[in-house]
Amino acid sequence: MKASRVAMPFFILLGALRLGAFAQDANPLQDPSQATPQRGQGRGRGGWGAGMMGRGVMGTVTEVAPDHFTIKTESGDLYTIHYSVNTRIMEGGGGQRRRQGSDNETPVTPPTTIKASDIKVGDAIGASGEMDANAKSIGAVVIFQIDPERAKQMREMQANYGKTWVMGRVAAISDVKVTLQGGPDNATHTFVADENTTFRKRRDPVTLADIQVGDMIRAEGSIKNGAFLATSVAVMGPPPQRNEGGAPAPPQ
């Protein structure tokens, strides 16, 4: 099995999980590739999108060693996650949540630096970095320890991808059909809209006509008559500009 089918990229899943909560609160949406530091693009075929810090997988720790972890993915494959003093090892999802009608942001599980020794057999972790798909190993740039509830949510999201939600960058628009490229599985997906589909860009309602090629999108819906029918579409954008004091910058 190729690495691109082993596990949905951890940081995209984590970002999509946060974006789902953000959409419910009508919060500004941010492209995960802009929210995540771009370090070590990496080679190999882990299925990570551009700006996702190389390639990566998620799984359950089966072995802990002084310089590596062994994890078992959902599909049963074993991967070796190599780490060093340069690897960032963290727990928590990070991010900011803005409530509708408010300019105040509240931290959502800020990431905390932990030690490699804090990760135990049985823990769920996600790692990204330089992947060797043939050797099933990663020279990790970042390792995240995932709490059980979040790991469960991410597994459910992985199982439902393409069934209840899709995500990617708009590659083409034809009438009410939108083609997305990239996303968690680095593949092409399409969705269709109808008169009941709602569209939102940041906190503002928009229409299908406002969607442009190149936009990063998350769509929720279901399969109807062999096609993915979107009930809601969220267009991700860059984070809002802020002044030196941290307050929202005035409109230009």
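> Can you tell me about the overall build of the protein chain, naming the residues and giving the values?
The helix and strand inventory of the protein chain stands at 3 helices and 16 strands. Counting the 252 residues in the protein chain, one finds 47% classified as buried. Contacts in the protein chain between residues at least 24 apart in sequence constitute 58% of all its contacts with a sequence separation of at least 6.

> Please set out the environment of Gly-126 residue by residue, giving values where relevant.
Here Gly-126 shows up in strand E8 (residues 124–132). Its relative accessible area of 0% is what places Gly-126 among the buried residues. As a C-alpha pair, Gly-126 and Met-58 span 68 residues in sequence and 4.1 Å in three-dimensional space.

> Which residues make up the nonpolar core, and what values go with them?
In this structure, Phe-191, Ile-217 and Ala-219 are the most contacted members of the largest nonpolar core, which totals 22 residues. When residues of this core are traced back to their parent elements, those giving at least two are strand E10 (165–174), strand E11 (177–182), strand E15 (216–224) and strand E16 (227–236). When residues in this core are grouped by element, the largest group, 5 residues, is from E16. Once residues lying within four places of it in the same chain are set aside, the contact partners of Phe-191 are Val-166, Val-176, Lys-177, Val-178, Leu-180, Ile-217, Ala-219, Phe-228, Ala-230 and Val-233.

> Can you break down the pairing of E15 residue by residue, with the values?
Put simply, side chains in a regular strand alternate between the two faces of the sheet. The pairing of E10 with E15 spans 5 bridges and is antiparallel. Looking across to E15, one finds that Trp-165 is bridged to Glu-220. Two elements, E15 and E16, share 9 bridges in a ladder whose sense is antiparallel. In the strand pairing of E16, Ala-219 is matched with Val-233. The antiparallel pairing of E15 with E16 creates a hairpin that spans 2 residues between the two strands, and Asn-225 there sits at a positive phi of about 55°.

> I'd like to hear about the pattern of salt bridges, residue by residue, with values.
Counted under the stated rule, the structure contains 2 salt bridges. Across the pair Glu-220 and Arg-218 runs a salt bridge whose closest N-O atoms are separated by 2.6 Å. Among the residues examined, Glu-220 registers a relative accessible area of 27% and is labelled partly exposed. Assessed through its relative accessible area of 9%, Arg-218 is described here as buried.

> Lay out the environment of Val-170 with the relevant residues and their values.
In this fold, Val-170 is placed in strand E10. Residue classification places Val-170 among the buried residues on the basis of a relative accessible area of 4%. Measuring from C-alpha to C-alpha, the distance between Val-170 and Asp-215 comes to 5.4 Å, with 45 residues separating the pair along the chain. In this view, Val-170 contacts Val-178, Thr-179, Leu-180, Ile-211, Gln-212, Val-213, Gly-214, Asp-215 and Ile-217; residues no more than four positions away in its chain are not counted.

> Explain helix H3 (residues 148–160) residue by residue, including any values.
Here H3 spans 18 Å end to end across 13 residues, near enough to the 18 Å set by a 1.5 Å rise per residue. Along H3, the residues that are buried comprise Arg-150, Ala-151, Met-154 and Met-157. Taken end-on, H3 shows its buried residues confined to a sector of 120°, consistent with a single buried face. Taking the backbone nitrogen of Glu-149 as reference, a side-chain oxygen 3.1 Å away marks Asp-147 as the first, capping residue of H3.

Conventions adopted
- Residues numbered from 1 in each chain as written.
- Predicted model: local features only at pLDDT ≥ 70, side-chain atom pairs only at ≥ 80, totals over all residues.
- Heavy atoms only, no water.
- Helix = DSSP H or I, 4+ residues; strand = E, 2+ residues; numbered from the N terminus.
- Buried < 20%, exposed > 50% of the residue type's maximum accessible area, 1.4 Å probe, protein only.
- Contact = heavy atoms within 4.5 Å.
- Core = buried A, V, L, I, M, F, W, Y, C linked by side-chain atoms within 4.5 Å.
- Pairing = 2+ DSSP bridges.
- Salt bridge = Lys/Arg side-chain N within 4 Å of Asp/Glu carboxyl O.
- Expected span 1.5 Å × (residues − 1).
- Arc of directions from axis to C-beta.
- Polar contact = N/O pair within 3.5 Å; in protein donor to acceptor, adjacent residues only side chain to side chain.

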